[in-house]
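Now for the letters of each chain:
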Amino acid sequence: MDNQGDIWEVFIQSKPGLAHKHVGSVHAMGKEMALQNARDMYTRRQEGTCIWVAKHEDIVASVPEEDGSFFEPSNDKIYRHATHYVMPEGAKNI
Amino acid sequence: MSDLDKFLEKIKNNVKIEPKDWMPDGYRKHLQRQMSQHAHSEIIGMQPEGNWITRAPSLRAKVILLAKIQDEAGHGQYLYSAAETLGKSRDEYIHELQTRKAKYSSIFNYPTLTWADMGAVGWLVDGAAIVNQVSLQKTSYGPYSRAMVRICKEESFHQRQGYEIMSQMAFGTAEQKEMAQDALNRFWWPSIMMFGPHDADSARSGDAMKWGIKVESNDELRQRFIDKTVQQAEIIGLTIPDPDLKWNEEKGSYDFGKMDWDEFWQVVKGNGPCNDQRINHHIKAHEEGTWVREAAIAYAKKNN
Amino acid sequence: MENKDALINYCLRVGDSSLVLGQRLAEWCSNGPILEEDIALTNISLDLFGQSRMLYSYIAELKGNGETEDSVAFGRNERAFYNTLLSERPNGHFGDTIVRGLLVDAFNFHFYTKLKESKDSTLAAFAEKSLKEVTYHLRHSSEWIIRLGDGTEESKNKVQKSLNELWGYSDDLFEMNDDDLNLVSEGVAIDLSSIKPLWQETINTVLSRAKLTLPENVFMHKGSRNAVHSEYLGHLLCEMQYLQKAYPDAKW
């Protein structure tokens with residue numbers, strides 16, 4: 001931890017029912033301060049209904065160099081997408 | 001395909017570069033310099049406007065100005081936050097600012113002498129910044145681009161706030177109008193020099209364009225700003241202090257006079273009217289806050 | 001008529017305290033110990049200015065003589081300002097500001113909680129809105145006091161000293177005059193003696209978590225309810241009202 005505190009990533013839910021979305025980060029010493037700083041920093045225009053903060057160092061991210069091995073295996077499994085299936089002409093609401 | 005080829009391919013196809021992607025060292029360094037300079041400008045820019053918060057002439061003007069300066073603090077924070085993804089901490093960036101290794105926009109080394117300067121700063125300085133930032137939304141580095149999108153959305157009221165002050169004063173008493181014209185006279189040239197040196201004299205522009213960090217050149221952006229601002233001055237009856245300013249029918253934009261680059265470089269070098277004041281203010285606040293940050297860190301260690 | 005003057009004076013007490021403290025907190029702009037805190041203090045300042053504007057508009061409406069929120073704010077001198085002594089105390093260092101904040105925020109929290117029930121519907125609505133804001137202010141100042149009190153040796157000493165110095169202005173928060181008492185009997189104003197124990201309990205809870213102790217045998221300064229202030233207020237107003245006074249014919 002340097003003199004500016006830890007970096008905390010901030011995720012905001014803009015409306016009930018929506019997913020939390022990453023909006024940026026704040027510096028803070030401790031989780032209460034992180035939450036308050038996120039509130040003051042990212043919801044000045046009533047942008048949110050709920051805030052999550054997570055310490056940057058606790059977030060595990062995939063590595064871009066492994067893009068291929070990590071994501072491509074699902075490339076050929078097109079049967080996971082609804083558009084893969086042929087529906088009989090005239091069928092509705094499916 | 002080499003890392004560099006893959007990188008250039010992405011730039012060509014407008015695919016954003018993200019923090020963990022491979023990037024040329026020069027690209028990283030250029031971004032670190034440009035983004036931190038941008039962040040420092042927001043933070044140092046709080047001072048000349050903060051100079052008038054306690055003296056704002058109405059409660060409405062006071063809260064608007066305060067909310068605007070608060071946004072600037074927020075924008076500085078978004079930009080530091082984006083710049084930190086390049087592997088350098090905010091502490092390091094701040095250290096570079098305080099030791100004058102890093103620069104910030106030289107416009108903030110001019111003093112704000114009257115309330116009309118709050119008008120001029122909002123109208124011209126924010127106006128120029130917005131032209132630049134709208135363009136930077138398309139920058140190739142993902143975190144920078146996202147910060148710019150957010151900043152542009154929030155800044156929409158800033159320029160209008162300044163222009164409203166200018167127009168109120170321009171249509172006010174004789175003394176107010178005089179203050180407004182005086183503010184325009186003092187801020188016009190430094191504002192149009194905010195876009196930086198002419199393209200031909202801008203050493204680093206080439207790389208920045210090649211890498212998609214900048215998508216439009218200094219001169220293009222400056223011209224756009226001047227073209228939209230002239231009419232705004234006219235309708236509030238103020239005169240832009242440039243006798244050479246005139247419409248060029250052929251190129252469909254304004255011709256304008258020579259900028260004083262000697263003055264510009266003097267201010268960049270540290271010899272502007274407020275360079276020392278701005279940096280000393282920043283250092284003082286930082287040092288007076290040391291015990292507070294230490295206490296908060298000590299408490300967090302014990303309790304988290 | 002008398003009641004209207006009493007109500008106006010009551011609104012000045014509350015509105016002036018918000019305005020003056022807002023002005024003090026605005027002085028923190030670009031001076032905070034960490035960037036995020038600059039924004040937090042500014043948020044509180046903006047809330048306080050908003051509160052004073054609501055009350056000044058109400059005063060202008062009650063007077064009905066062409067006064068505006070700005071004439072109320074910028075048109076009076078030291079001896080016509082009714083803000084509390086605490087609100088005008090200089091910012092000092094961050095610990096001083098936070099202690100001042102805690103004492104005021106805890107007061108406002110209990111005050112607005114009660115004022116929500118006022119028979120004056122404008123005051124009640126004002127209190128309801130303000131309560132949401134000061135609840136957050138109280139959380140902010142409490143958490144900082146705890147951090148500073150239970151942080152380092154240096155921070156503990158500093159903030160204990162702040163408390164020792166500022167405590168003597170806390171009784172002044174609870175001062176009432178005869179008009180206030182009349183308004184209390186009509187159910188418009190709040191009997192401040194009724195919220196004092198609640199306030200004391202909040203302060204005690206926070207201070208014990210912060211490992212700080214209240215100073216004993218402190219002389220209590222008073223006078224602001226009768227517009228008798230410290231020298232600090234005059235300078236604050238001088239600065240705040242400068243443009244309005246230098247250019248009385250101008251509109252801004």
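The rules behind the values
- Residues numbered from 1 in each chain as written.
- Chains lettered and ligands numbered in written order.
- Predicted model: local features only at pLDDT ≥ 70, side-chain atom pairs only at ≥ 80, totals over all residues.
- Heavy atoms only, no water.
- Helix = DSSP H or I, 4+ residues; strand = E, 2+ residues; numbered from the N terminus.
- Rg over C-alpha atoms; globule rule 2.2 N^0.38 Å.
- Buried < 20%, exposed > 50% of the residue type's maximum accessible area, 1.4 Å probe, protein only.
- Areas by Shrake-Rupley, 256 points an atom, 1.4 Å probe, with all protein chains shown as cover.
- Lys, Arg positive; Asp, Glu negative; His and termini not counted.
- Charge placed at Lys NZ, Arg CZ, Asp CG, Glu CD.
- Contact = heavy atoms within 4.5 Å.
- Buried area = accessible area lost by both parts, 1.4 Å probe.
- Salt bridge = Lys/Arg side-chain N within 4 Å of Asp/Glu carboxyl O.
- Nonpolar A, V, L, I, M, F, W, Y, C, P; charged D, E, K, R; others polar.
- Arc of directions from axis to C-beta.
- Pairing = 2+ DSSP bridges.
- Axes fitted to C-alpha atoms, helices over the stretch in contact; angles between N-to-C directions.
- Polar contact = N/O pair within 3.5 Å; in protein donor to acceptor, adjacent residues only side chain to side chain.
- Phe/Tyr/Trp six-rings, centres within 6.5 Å; stacked < 30°, edge-to-face > 60°.

Within chain A, the regular secondary structure consists of 2 helices and 3 strands. Taken from the N to the C terminus, the helices and strands of chain A come in the order β-β-α-β-α. For chain A, the C-alpha radius of gyration of 20 Å lies well beyond 12 Å, the compact-globule estimate for 94 residues. Considered along the principal axes of its C-alpha atoms, chain A spans approximately 65 × 35 × 15 Å. Here chain A, with 94 residues, has 29% of them falling under the buried criterion. For chain A, the computed accessible surface area is about 6,400 Å², with 55% contributed by carbon and sulfur atoms. Positive and negative side-chain charges in chain A, numbering 10 and 14 respectively, have mean positions lying 12 Å apart.

Of the residues lining the interface, 44 residues belong to chain B; the matching set on chain C comes to 49 residues. The junction of chain B with chain C conceals about 3,900 Å² of combined surface from both sides, 69% of it contributed by carbon and sulfur atoms. If you sort the residues of chain B by the area they bury against chain C, Thr54, Leu59 and Trp291 of chain B come out on top, with a joint share of 20%. Between Arg90 of chain B and Glu36 of chain C there is a salt bridge, with the nearest N and O atoms lying 2.8 Å from each other. Sorting elements by how many residues they give to the side of chain B that touches chain C places helix α4 (residues 59-84) of chain B first, with 13 residues. The residue makeup of the side of chain B that touches chain C, split by class, is 23 nonpolar, 13 polar and 8 charged.

The next subject is helix α10 (residues 232-240) of chain C. All names here are of chain C. Turning to α10, its buried residues are Leu233, Gly234, Leu236, Leu237 and Met240. Down the axis, α10 shows its buried residues gathered within 165 degrees of arc, on one side only. Away from its buried face, by an angle of more than 90 degrees, α10 presents the exposed residues His235 and Cys238.

With that settled, consider the sheet that holds strand β3 (residues 50-55) of chain A. Residue and element names in this part refer to chain A. Read from one edge of the open sheet, 3 strands run β2-β1-β3, paired in antiparallel fashion. Both outer strands of the open sheet, β2 (21-28) and β3, are each paired with one neighbouring strand and no more. Averaged over all pairs of adjacent strands, the angle between strand axes in this sheet comes to 30 degrees, irrespective of strand direction. Here strand β1 (residues 6-13) runs beside β2; their pairing, made up of 7 bridges, is antiparallel. Bridged to Phe11 within β2 is His22. Along the sheet, helix α1 (residues 31-42) contacts β1, β2 and β3; its crossing angle with β2, the most-contacted strand, is approximately 120 degrees.

All names here are of chain B. Along the chain, Ser105 turns up in the loop between α5 (90-98) and α6 (116-136). Relative accessible area serves as the criterion here: at 16%, Ser105 is assigned to the buried category. Non-local contacts of Ser105, meaning those with residues more than four positions away in its chain, are made with Ser41 and Met194.

All names here are of chain B. Along the chain, Trp123 turns up in helix α6. Of the residues examined, Trp123 reaches a relative accessible area of 0% and is grouped as buried. With 79 residues separating them along the chain, Trp123 and Ile44 place their C-alpha atoms 18 Å apart. With residues near it in sequence (within four places) discarded, Trp123 still touches Gln159, Gly162, Tyr163, Met166, Leu184, Thr229, Gln232 and Ala233. A polar atom in the side chain of Trp123 sits 2.8 Å from the side chain of Gln232.

The subject of this paragraph is the environment of Cys11 of chain C. Relative to the helices and strands, Cys11 of chain C resides in helix α1 (residues 2-26). On a C-alpha basis, the gap between Cys11 of chain C and Ala189 of chain C in space is 9.8 Å, while along the polypeptide they are 178 residues apart.

Listed as interface residues are 13 residues of chain A and, on the opposing side, 11 residues of chain C. Summing both partners gives a buried area of about 1,200 Å² for chain A against chain C, and 54% of it is carried by carbon and sulfur. For the chain A face of the interface with chain C, the top three residues by lost area are Met33, Gln36 and Asp40 of chain A, together amounting to 43%. Run the count over chain A and chain C and you get 0 salt bridges.

Evaluated as defined, the whole model comprises 21 aromatic pairs over all chains. The interplanar angle of 15 degrees and the centroid separation of 5.3 Å between the aromatic rings of Tyr42 of chain A and Tyr78 of chain B together place this pair among those described as stacked. On the criterion of chain membership, the pair formed by Tyr42 of chain A in helix α1 and Tyr78 of chain B in helix α4 is interchain, its members lying in two chains. Like Tyr42 of chain A, the residue Tyr78 of chain B is buried in the burial classification. Measuring from ring centre to ring centre gives 6.2 Å for Phe7 of chain B and Trp22 of chain B, while their planes differ by 80 degrees; the resulting arrangement is edge-to-face.

Assignment of secondary structure puts Glu69 of chain C in helix α3 (residues 69-74). Polar contacts involving the side chain of Glu69 of chain C include one to the side chain of Arg53 of chain C, which spans 3.1 Å. In this view, Glu69 of chain C contacts Leu59 and Arg60 of chain B together with Arg53, Tyr56 and Ser57 of chain C; residues no more than four positions away in its chain are not counted.

To continue, consider the pattern of salt bridges. Counting across every chain of the model gives 39 salt bridges over all chains. With a closest N to O distance of 3.3 Å, Lys10 of chain B and Asp21 of chain B form a salt bridge. Here Lys10 of chain B is found in helix α1 (residues 3-12), whereas its partner Asp21 of chain B is found in the loop between α1 and α2 (25-44), with 11 residues between them in sequence. Residue Lys10 of chain B is classed as partly exposed on the basis of its relative accessible area, which comes to 28%. One salt bridge connects Arg186 of chain B with Asp182 of chain B, and the closest N-O pair in it is separated by 3.0 Å. Of the two residues, Arg186 of chain B and Asp182 of chain B both sit in helix α8 (residues 174-193), 4 residues apart, roughly one turn of that helix. The exposure class assigned to Arg186 of chain B is partly exposed, which follows from its relative accessible area of 25%. Classification of Asp182 of chain B by relative accessible area gives partly exposed; the value is 33%. Beyond isolated ion pairs, a larger network of salt bridges with shared partners links Arg44 and Arg45 of chain A together with Asp71, Arg150 and Glu154 of chain B.

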